[in-house]
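What follows is the residue order along each chain.
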Amino acid sequence: LARYHESHGVSRRDRLFAHSGTLYRLGSGWGAPLVNAVAQTRPLRRALGLATERRLPELARESFMHWWRRTGPRQERGPALALLIDPFTNYNHPEVAVAATQFFAAAGLSVRPVAADDGRAAISKGLVREARRAAERTIAALEPLVSAGLPVVGLEPSSLLTLRDEYLYLLPDDRPTAALAEAAVTFEEYVDRLVARGELDVSFAGPSRRVLLHGHCHQKALVGTGPARRILALPGHTVEEVDSGCCGMAGSFGYEAEHYAISMQMAERRLLPAVRAAAADTIVVAAGTSCRQQIAHGADRAALHPAQVLRDALGVGKGNRMA
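What you see is a predicted model; the values in this text were computed from it and never measured. (Residues numbered from 1 in each chain as written. Predicted model: local features only at pLDDT ≥ 70, side-chain atom pairs only at ≥ 80, totals over all residues. Heavy atoms only, no water.)

J.: Can you walk me through the overall build of the protein chain in this structure?
T.: Summing up its helical and strand segments, the protein chain has 20 helices and seven strands in all. For 323 residues, the compact-globule formula gives about 20 Å, and the C-alpha radius of gyration of the protein chain, at 19 Å, lands near that figure. Expressed as lengths along the three principal axes of its C-alpha atoms, the size of the protein chain is roughly 55 × 50 × 40 Å. For the protein chain, with 323 residues in total, the buried portion stands at 54%. Considering only intrachain contacts with a sequence separation of at least 6, the fraction spanning at least 24 residues in the protein chain is 78%. Averaging the locations of the 39 positively and 33 negatively charged side chains of the protein chain gives two centres separated by 4 Å. (Helix = DSSP H or I, 4+ residues; strand = E, 2+ residues; numbered from the N terminus. Rg over C-alpha atoms; globule rule 2.2 N^0.38 Å. Buried < 20%, exposed > 50% of the residue type's maximum accessible area, 1.4 Å probe, protein only. Contact = heavy atoms within 4.5 Å. Lys, Arg positive; Asp, Glu negative; His and termini not counted. Charge placed at Lys NZ, Arg CZ, Asp CG, Glu CD.)

Written as structure tokens, this is what we have:
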């Protein structure tokens, strides 16, 4: 893609998606309802070459970092961790990070959230120079915490695993980059390791449920779904994983007009039929933002992040949650 752009230029749509983190930041806050309303207009989506059948991700009225500064749980004692707050989590789905911080606080862990535009979107569109600059900024923001020995825990698989994989190619032979890659773990991996070491001190109080799990492609490629299956079973839940392959979204792919039909065909292969067939009280789980959007669009079911499932099973944070 980078080579193609050198000869043909970068389309307006590719730039839009590549710089989505900046756009989310500018559109968040008090103006989010207006931005959301404009973004959903069919003429705008058609002009950008986006599928008019699909709603664009909406901005939350309050970002996670704003919520954290205002009311976030302050567990100052106990083992500390750096929590990577990617743009999608910060501006579109802050409730996921809220759940994670509440779960970690209940477990006696001290959370240090770091908001960073990791460059995942720029990589996906072949904007290598922009991605490298984003990587440099993210590494600089996290380096003091990594040097202090903190793990870097991520909630959005594609963002966290970019730190562990693509950064090593964007910035080869760079010591801070290698240290960050070594420290970076997904939420599921981190909790699974705590359990393996006997360091997760929580008591689950909720009833046992059935869980239908869809694994994120990036996560399946580099980590596997074993950690997710194990931690989702901690509250006594029965976990079934869908043999679903890709959900069909692949970041911006499923939003693009020319790819919408095949995106839905991919989802209809296994994922959406399995979700539709699940009982009403089954918890549908997907760690990826795009995966949850595809499930909501194609099956009219709300999927949860594993952090939300574990937090809910503790029964904590009920009076201090985001919608």
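Still to come is the rest of the account.
J.: So what exactly am I meant to see when it comes to the nonpolar core here?
T.: A general feature of soluble globular proteins is that nonpolar side chains tend to end up buried together. Core analysis: the largest hydrophobic core is formed by 29 residues, its most contacted members being Phe104 and Phe187. Of all elements in the fold, only helix H6 (64–71), strand S1 (80–85), helix H8 (94–106), helix H14 (187–196) and helix H20 (306–314) reach the threshold of two or more residues within this core. It is H8 that contributes the most residues to this core, six residues altogether. What Phe187 contacts, discounting residues up to four positions off in sequence, is Ala100, Phe103, Phe104, Val153, Gly154, Leu155, Ile231, His305, Pro306, Ala307 and Leu310. (Core = buried A, V, L, I, M, F, W, Y, C linked by side-chain atoms within 4.5 Å.)

J.: Explain the pairing of strand S5 (residues 210–214) to me, please; I cannot follow it from the model alone.
T.: In the case of a regular strand, side chains alternate between the two sheet surfaces. In terms of burial, S5 is a largely internal element, four of the five residues being buried. Of the strand pairs in this sheet, S5 and strand S6 (residues 238–241) are connected by four bridges, and their pairing is parallel. Residue pairing for S6: Val211 is matched across the bridge by Val239. Note: S5 against strand S7 (residues 283–286), four bridges, orientation parallel. Its bridge partner lying in S7, His214 is registered against Ala286. (Pairing = 2+ DSSP bridges.)

J.: Is there a simple way to think about the side chain of Gln308 in this case?
T.: Relative to the helices and strands, Gln308 resides in helix H20. Relative accessible area serves as the criterion here: at 9%, Gln308 is assigned to the buried category. Of the polar contacts made by the side chain of Gln308, one reaches the backbone nitrogen of His305; its length is 2.8 Å. Among residues more than four places away in sequence, those in contact with Gln308 are Glu95, Val96 and Ala99. (Polar contact = N/O pair within 3.5 Å; in protein donor to acceptor, adjacent residues only side chain to side chain.)

J.: What am I meant to see in the sheet that holds S7 here?
T.: The strands making up a sheet associate through backbone hydrogen bonding, with each pair oriented either parallel or antiparallel. As summarised here, the arrangement of the three strands in space is S6-S5-S7, forming an open sheet in which the pairing is parallel. Across the chains shown, the open sheet's two edge strands, defined by having one partner strand only, are S6 and S7. Across the sheet, the mean angle from the axis of one strand to that of its neighbour is 25°, orientation sign disregarded. (Axes fitted to C-alpha atoms, helices over the stretch in contact; angles between N-to-C directions.)

J.: Can you walk me through helix H17 (residues 260–269) in this structure?
T.: Residues separated by three or four positions in an α-helix point in the same direction, a consequence of the helix having 3.6 residues per turn. Looking only at H17, the buried set comprises Tyr260, Ser263, Met264 and Ala267. Down the axis of H17, the buried set is contained in an arc of 95°. They therefore lie on one face. Relative to its buried face, H17 has exposed residues pointing more than 90 degrees away, namely Gln265 and Arg269. Residues of H17 that are buried in the fold lie against helix H18 (271–277) and helix H19 (289–299). (Arc of directions from axis to C-beta.)

J.: Help me out: how do you make sense of H19 in this one?
T.: Counted residue by residue, H19 has nine buried out of 11 residues, so it is predominantly covered. Three or more residues of H19 are buried, namely Thr289, Ser290, Cys291, Arg292, Gln293, Gln294, Ile295, Gly298 and Ala299. On its buried face, H19 sits against helix H7 (87–92), H8, S5, H17, H18 and S7. Phi turns positive, to about 55°, at Asp300, one or two residues after H19.

J.: When you look at the pattern of salt bridges in this model, what are you seeing that I'm missing?
T.: Side-chain pairs of opposite charge can arise where the charged atoms are in close proximity. This structure, assessed with the given rule, holds 16 salt bridges. Here Glu256 and Arg13 are joined by a salt bridge, their closest N and O atoms 4.0 Å apart. In this pair, Glu256 is assigned in the loop between S6 and H17 and Arg13 in helix H2 (residues 12–18), connecting sequence segments 243 residues apart. The residues Glu256 and Arg13 share a single accessibility class, namely buried. For Arg13, a relative accessible area of 16% translates into the label buried. The network of salt bridges with shared partners includes Arg13, Asp14, Lys125, Glu256 and Glu258. (Salt bridge = Lys/Arg side-chain N within 4 Å of Asp/Glu carboxyl O.)

J.: Explain the sheet that holds strand S2 (residues 110–115) to me, please; I cannot follow it from the model alone.
T.: If you trace the four strands from one edge of the open sheet to the other, you get S2-S1-S3-S4, paired in parallel fashion. Of all strands in the sheet, those bounded by a partner on one side alone are S2 and strand S4 (184–186). Averaged over all adjacent pairs, the angle separating strand axes in this sheet is 35°, with direction ignored. Across six bridges, S1 lies against S2 in parallel orientation. Counterpart to Ala80 in the pairing with S2 is Ser110. Helix-sheet contacts for H6 involve S1 and S2, and the interaxial angle to S2 is about 140°. Across the sheet, H14 touches S1, strand S3 (152–154) and S4, and the angle it forms with S4 is around 90°.

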